[in-house]
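# Examining the three-dimensional arrangement
Next come the chains, spelled out residue by residue.
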Amino acid sequence: MVARALSLLALSFLVSTPAWSLATRTWVSGFGLDSNPCSYTAPCRTFSGALAKTDPGGIISVKDNATYSPVTINKSITIDGGGTYASVRHFGLDGITVNITSNDASGNVVVLRGLSIDSNGSGYGIVNTSSVTTHLHIEDCTLTRAGAGVGIFVTGQGSTVKMKNVDIRKMSAYGVVVSPPAGTPLKLTMTGVKVNHTGTYGLRILSNTNAMVVDSAFNGNDHGVSVESTSVHLNLTRTIVSQNSVNGLRHLVAGITTIIDRCSIFGNGTGISNTGSTVVGFNNNSIANNLQDVTGNAVQSLLQQ
Amino acid sequence: MRVLKVLVCLFVVVVAVNASAALPVRTWVSGVGDDAWPCSLTAPCKSFAGAYAKTEPGGQISVLDPGGYGALTITHSITIDGGGNFGSVLYTGDGITVNFTANDGLGNNVVLRGLSITSNYGGGYGVVVLGTVPTNVHVVDTTFVRTAVAVGMFPGASGSTLRLDNIEGSQISGTGVLVSPPAGGAAAKLTMNNVRISQTGTGAFNAGVRIVANTNGTIADSKFSNGSQGVLIESSSVHLSLVRTVLSENSNNGLLHYAMGITTLLDGCSIFGNTVGVSNVGGTVYGYSNNAIGFNTPDVVGNPIQSLTPK
């Protein structure tokens, strides 16, 4: 009788364990299995498998250089390819979907590091569709051959996006598209982001965003950078906008203000399309060899200090 | 027989001395290691703390594979090198504590390279420098997420140095880099290259970089954005040069001189979209007619920027 009670106790313990004993760190491997516990010695095979077994705020480490299938993220997490450079193939789907629908104790922070994300001309490489305020970091990643590289459609106001050392090539439509809701603006920070040879836009910002773009390049698209609302405040510093067939920098509507500082705007159809809007420079930008350098209002040049 | 016994005793003594003195200069950690092992390449340890105890002062701990290696307190010279493997520290108190209480005869040098330092639920220091002797800390190729402070420097001895290269910090609830050396004696030396800190705390004393006293600093090719203060200087004993650095979208000040008589140099900097660009009441800011300062409200408070002619 005692033995039976004990065994029942043991059974209930075992059954309840998976509900609360998620690991703060898990591993994936090309040799893993999703039926494994995602431990170092028994890693999982997919990001989805590991995500389900990782505590919110935890880290999924990549053990070896393999291909990992698409994943939808619904809690704070770090996926770290590190020096291993994990690859995600997402033919016809979206690669990594961030979709957090309720706040977690780790601040709704998602870090994607060291990933190579590739498709066959469709889907988003990384897309954020969360309904709560979300903080997305994309570091040291390469995105190629999808419909769009990065799509930010989060509906939680006051979200942030930070991109560092990201290479985006051969998208059939967008490199980066940002469309946040009204309310507290989305903050976009880009350092060392290069978008080349997309079908339409290198960087397209539709609404309510404070954006700081530094040491980046938007080359060989239809439009290099397109700003589409007066609620977008963009600073471009030490950034190259070149060889875009229609516009380098486009203000789609009147009343937008953008700052350009130490930028090079060369060889576009129109360098800066600025009808009814304002572009402020500091006598330190190189704007030349476009079919037309500036249309609409001239660049306002302030003195440097 | 007697001679043999003496020899055996001598041998035992020699072995015992070797065991305590001859720590390896290089050790390894691995996700499949065990701290009971010697931390060799073929029998690595499991934690930074386990390997640290088995590494010669001045030696190096290498990371064999991506894994979580735990918090650590450092009291002598050491290099921890995550290399391409990006060794990770996921902590709840402080991440890595550097606390030298005696000179180790090797210059008191600590190098932390290729690490990912994350506080699981936000809080604590990612790296904190304490101690009672001058200490030299060099953090390279490292990211900090969700810490209260990414790097805190509170050496008890004057003349300490802190060098930061290629550092990424975000979702920091307090301050990115906080430097507070002793007010007297030799100045602390601060060198930062390619340091990007964003989304720091909202308090008046939360900043991308906060320097409290007695520091000579150079910050180049860096960015402090989307915080409360970009760069906060609190004493005329701080001498800072900012080169090719962006201060943007900070809710209080891009650069704040929080005492009278502070002098700071700006060279090729971009200061945009902060509430106040440069707050310089009773201080001096030199520029070289190459800083872009705009779209702050206002751009400068207090003394205007003194523009020197580039040569």
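Everything quoted here is computed from the prediction, not taken from an experiment.

A few words now on the overall build of chain A. Broken down by element type, chain A carries two helices and 29 strands. Projected onto the principal axes, the alpha-carbon positions of chain A cover approximately 90 × 35 × 35 Å. Within chain A, the fraction of its 305 residues that count as buried is 57%. Within chain A, contacts between residues at least 6 apart in sequence are counted, and of these 56% link residues at least 24 apart. Carbon and sulfur atoms form 57% of the exposed surface of chain A, whose accessible area is close to 11,000 Å².

Moving on, we get to the nonpolar core. One finds Phe47 and Met163 of chain A to be the most contacted residues of the largest nonpolar core, which totals 62 residues. Element by element, the count of residues in this core is highest for strand β15 (residues 186-196) of chain A, at five residues. Once residues within four sequence positions are removed from consideration, Met163 of chain A is found in contact with Ile138, Val150, Ile168, Val176, Thr189, Met190, Thr191 and Val193 of chain A. Core analysis: the next-biggest nonpolar cluster, separate from the first, contains 58 residues, Tyr52, Ile96, Val110 and Val139 of chain B among them.

This part is about the confidence of the model for chain A. Scored by pLDDT, chain A comes out at a mean of 88, with 91% of its residues at no less than 70. Confidence drops under pLDDT 50 across residues 1-20 of chain A; counting only partners more than four residues distant or on other chains, this segment forms one contact.

By definition, a disulfide links the sulfur atoms of two cysteine residues through a covalent bond. Counted according to the given criterion, the structure contains two disulfides over all chains. Cys38 of chain A shares a disulfide with Cys44 of chain A; S-S distance 1.9 Å. Torsion about the S-S bond of the Cys38 of chain A and Cys44 of chain A cystine: about -75°, corresponding to left-handed handedness. What pairs with Cys39 of chain B in a disulfide is Cys45 of chain B, and their sulfur atoms sit 1.8 Å apart. Across the S-S bond linking Cys39 of chain B and Cys45 of chain B, the dihedral sits near -75°, which makes this disulfide left-handed. For the pair shown, Cys39 of chain B and Cys45 of chain B are each scored as buried. Counting only cysteine sulfurs, Cys269 of chain B is the nearest neighbor of Cys263 of chain A, a cysteine outside any disulfide, at a range of 16 Å.

In this section: the pattern of salt bridges. Applying the stated criterion to the full structure yields 14 salt bridges over all chains. The shortest N-O distance in the salt bridge between Asp215 of chain A and Arg238 of chain A comes to 2.8 Å. Separated by 23 residues along the polypeptide, Asp215 of chain A in the loop between β17 (209-214) and β18 (217-219) and Arg238 of chain A in the loop between β20 (232-237) and β21 (240-242) bring together distant segments of the chain. In this structure, Asp261 of chain A and Arg262 of chain A form a salt bridge, with 3.1 Å as the shortest nitrogen-oxygen distance. Of the residues examined, Asp261 of chain A reaches a relative accessible area of 0% and is grouped as buried. Several salt bridges converge on common partners, so that one network encompasses Asp140, Lys162 and Lys164 of chain A together with Glu168 and Arg196 of chain B.

Turning our attention to the sheet that holds strand β28 (residues 292-296) of chain A. All names here are of chain A. Reading across from one edge, β4-β7-β10-β12-β14-β16-β19-β22-β25-β28 is the order of the ten strands in this open sheet, with parallel pairing throughout. The two strands at the open ends of the sheet, each matched to only one other strand, are β4 (71-73) and β28. The mean angle between the axes of side-by-side strands here comes to 5°, regardless of whether they run parallel or antiparallel. Inspection of the sheet shows strand β7 (residues 96-98) paired to strand β10 (residues 124-128) by three bridges, in the parallel sense. In the strand pairing of β10, Ile96 is matched with Ile126.

All right, on to the side chain of Asn290 of chain A then. All names here are of chain A. Within the element layout of this structure, Asn290 appears in the loop between β27 (286-288) and β28. Within the structure, the side chain of Asn290 is placed 3.2 Å from the backbone nitrogen of Gly267, a separation counted as a polar contact. Beyond its immediate chain neighbours, meaning those up to four positions away, Asn290 contacts Ile265, Phe266, Gly267, Asn268, Gly269, Thr270 and Gly271.

Residue and element names in this part refer to chain B. What the ten strands build is an open sheet, ordered β3-β6-β9-β11-β13-β15-β18-β21-β24-β27; its pairing is parallel. Unpaired on one side and paired on the other, β3 (72-74) and β27 (300-302) mark the two borders of the sheet. Neighbouring strand axes in the sheet, compared pairwise and without regard to direction, differ in orientation by 10° on average. As defined by bridge partners, strand β6 (residues 96-98) adjoins strand β9 (residues 125-129) across three bridges and the pair is classed as parallel. Bridge assignment links Val98 to a residue of β9, and that residue is Val129.

If you look at the interface, chain A gives 46 residues, while chain B gives 48 residues. When chain A packs against chain B, close to 3,700 Å² is buried across both sides, 52% of that on carbon and sulfur atoms. If you sort the residues of chain A by the area they bury against chain B, Tyr40, Lys162 and Gln305 of chain A come out on top, with a joint share of 20%. Our enumeration of links across chain A and chain B arrives at two salt bridges. A salt bridge links Lys162 of chain A to Glu168 of chain B, with the shortest nitrogen-to-oxygen separation between them at 3.2 Å. Seen at the junction of chain A and chain B, the total is 17 residue pairs in polar contact (both at pLDDT 80 or more). A total of seven residues in the side of chain A that touches chain B trace back to one element, the largest contributor, which is strand β2 (residues 54-62) of chain A. Grouping the amino acids of the side of chain A that touches chain B by side-chain chemistry returns 13 nonpolar, 21 polar and twelve charged.

This part covers the environment of Thr278 of chain A. Residues and elements named next belong to chain A. The residue Thr278 is located in strand β26 (residues 278-281) in this model. A relative accessible area of 22% places Thr278 in the partly exposed class. With 24 residues separating them in the primary sequence, Thr278 and Ala254 have C-alpha atoms 8.5 Å apart. Residues within four places of Thr278 in sequence aside, it is in contact with His251, Ile256, Thr257, Thr258 and Gln300.

Rules of the game
Residues numbered from 1 in each chain as written. Chains lettered and ligands numbered in written order. Predicted model: local features only at pLDDT ≥ 70, side-chain atom pairs only at ≥ 80, totals over all residues. Heavy atoms only, no water. Helix = DSSP H or I, 4+ residues; strand = E, 2+ residues; numbered from the N terminus. Buried < 20%, exposed > 50% of the residue type's maximum accessible area, 1.4 Å probe, protein only. Contact = heavy atoms within 4.5 Å. Areas by Shrake-Rupley, 256 points an atom, 1.4 Å probe, with all protein chains shown as cover. Core = buried A, V, L, I, M, F, W, Y, C linked by side-chain atoms within 4.5 Å. pLDDT = per-residue confidence, 0-100. Disulfide = S-S within 2.5 Å. Salt bridge = Lys/Arg side-chain N within 4 Å of Asp/Glu carboxyl O. Pairing = 2+ DSSP bridges. Axes fitted to C-alpha atoms, helices over the stretch in contact; angles between N-to-C directions. Polar contact = N/O pair within 3.5 Å; in protein donor to acceptor, adjacent residues only side chain to side chain. Buried area = accessible area lost by both parts, 1.4 Å probe. Nonpolar A, V, L, I, M, F, W, Y, C, P; charged D, E, K, R; others polar.

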